[in-house]
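# Architecture at a glance
Listed here are the chains, written in short residue letters.
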Amino acid sequence: WTEDHTSSLIKFLAAHRSEAGDRMNFKIGVFQAAAGYFLEPPEGVSKEGWVPPVARDSHACKNKWAAVYTKKYKIVLDIKAQSGFAWDNELGTGIDSTSEAVWAAYIK
């Protein structure tokens, strides 16, 4: 998985967020649709003669999402547990100039 492919998967799943269950668990049909999405040419590219660079199946999409989501979820939990951080489920950490020192210490 390249960074671009991972980003495309995340964007696709974000667009289908309403189909996710608790903790962003998607049914296999969403991952099947994601795999089909990878078979489509990028915006602005003609379908004629276009060959997908990599074929992805629903299981590959599901496994990648599980790996990405688990990693990101653990990071969020860790940040929420740190002293000096505020957390909002809509806005995230809300890092600004007042929390810059706390963030700098965290990323070390």
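Placed above this text is the structure.
## So, the overall build of the protein chain
Helix and strand counts for the protein chain stand at four helices and zero strands. Its C-alpha atoms give the protein chain a radius of gyration of 18 Å, more than 25% over the compact-globule value 13 Å for 108 residues. The dimensions of the protein chain, computed from C-alpha atoms along their principal axes, are 55 × 30 × 20 Å. In the protein chain, of all internal contacts separated by at least 6 residues, the share reaching a separation of at least 24 is 48%. For the protein chain, the computed accessible surface area is about 7900 Å², with 53% contributed by carbon and sulfur atoms. One finds the centroid of the 13 positive side-chain charges in the protein chain at a distance of 8 Å from the centroid of its 13 negative side-chain charges.

## Things to note about helix H3 (residues 58-81)
Under the 1.5 Å per step criterion, the end-to-end length of H3 is 34 Å for 24 residues, consistent within 8% with the ideal 34 Å. Buried within H3 are the following residues: Ser58, Cys61, Trp65, Val68 and Ile79. The inward-facing, buried residues of H3 abut helix H1 (3-15), helix H2 (28-37) and helix H4 (100-107). With a side-chain oxygen positioned 3.2 Å from the backbone nitrogen of His59, the residue opening H3 is Asp57.

## Some words on the environment of Gln82
With respect to the secondary-structure elements, Gln82 resides in the loop between H3 and H4. With a relative accessible area of 30%, Gln82 lands in the partly exposed category. Separated by 24 residues in sequence, Gln82 and Tyr106 have C-alpha atoms that sit 8.3 Å apart.

## Comments concerning the nonpolar core
In this structure, Leu9, Leu13, Phe26, Phe31, Cys61 and Trp65 are the most contacted members of the largest nonpolar core, which totals 13 residues. Elements with a minimum of two residues in this core: H1, H2 and H3. Ranked by residue count, the leading element in this core is H2, at four residues. Setting aside residues up to four positions removed in sequence, Phe26 forms contacts with Leu13, His16, Arg17, Glu19, Ala20, Phe31 and Trp65.

## Looking at the packing of H2 against H3
When two helices pack together, you describe them by how their axes are tilted relative to each other and by the distance separating the axes. It is at 8 Å that the axes of H2 and H3 come closest, and there the two elements cross at 110 degrees. Relative to H3, H2 is oriented roughly perpendicular. Contacts from Ile28, Phe31, Gln32, Ala34 and Ala35 in H2 reach Ser58, Cys61, Lys62 and Trp65 in H3. Residue classes in the contact of H2 with H3 are distributed as six nonpolar, two polar and one charged.

## Topic: the packing of aromatic side chains
Counted under the stated rule, the structure contains six aromatic pairs. With a centroid separation of 5.6 Å and an interplanar angle of 80 degrees, the aromatic rings of Trp1 and Phe38 are classed as edge-to-face. With a gap of 37 residues between them, Trp1 in the segment before H1 and Phe38 in the loop between H2 and H3 connect regions that are remote in the sequence. Classification of Phe38 by relative accessible area gives buried; the value is 9%. Ring geometry for Phe12 versus Tyr37: centroids 5.1 Å apart, planes at 40 degrees, classification tilted. Of the two residues, Phe12 sits in helix H1 while Tyr37 sits in helix H2, which places them 25 residues apart along the sequence. Look at Phe12 and you get buried, because its relative accessible area is 10%. One cation-aromatic arrangement involves Arg56 over Trp1; the distance from NZ or CZ to the ring centre is 4.0 Å.

What counts, and where the lines are drawn
- Residues numbered from 1 in each chain as written.
- Predicted model: local features only at pLDDT ≥ 70, side-chain atom pairs only at ≥ 80, totals over all residues.
- Heavy atoms only, no water.
- Helix = DSSP H or I, 4+ residues; strand = E, 2+ residues; numbered from the N terminus.
- Rg over C-alpha atoms; globule rule 2.2 N^0.38 Å.
- Contact = heavy atoms within 4.5 Å.
- Areas by Shrake-Rupley, 256 points an atom, 1.4 Å probe, with all protein chains shown as cover.
- Lys, Arg positive; Asp, Glu negative; His and termini not counted.
- Charge placed at Lys NZ, Arg CZ, Asp CG, Glu CD.
- Expected span 1.5 Å × (residues − 1).
- Buried < 20%, exposed > 50% of the residue type's maximum accessible area, 1.4 Å probe, protein only.
- Polar contact = N/O pair within 3.5 Å; in protein donor to acceptor, adjacent residues only side chain to side chain.
- Core = buried A, V, L, I, M, F, W, Y, C linked by side-chain atoms within 4.5 Å.
- Axes fitted to C-alpha atoms, helices over the stretch in contact; angles between N-to-C directions.
- Parallel < 35°, antiparallel > 145°, perpendicular 65-115°, else oblique.
- Nonpolar A, V, L, I, M, F, W, Y, C, P; charged D, E, K, R; others polar.
- Phe/Tyr/Trp six-rings, centres within 6.5 Å; stacked < 30°, edge-to-face > 60°.
- Lys NZ or Arg CZ within 6 Å of the ring centre and 35° of its normal.

Note that every value here comes from positions in space, so none of it alone points to a role or purpose.
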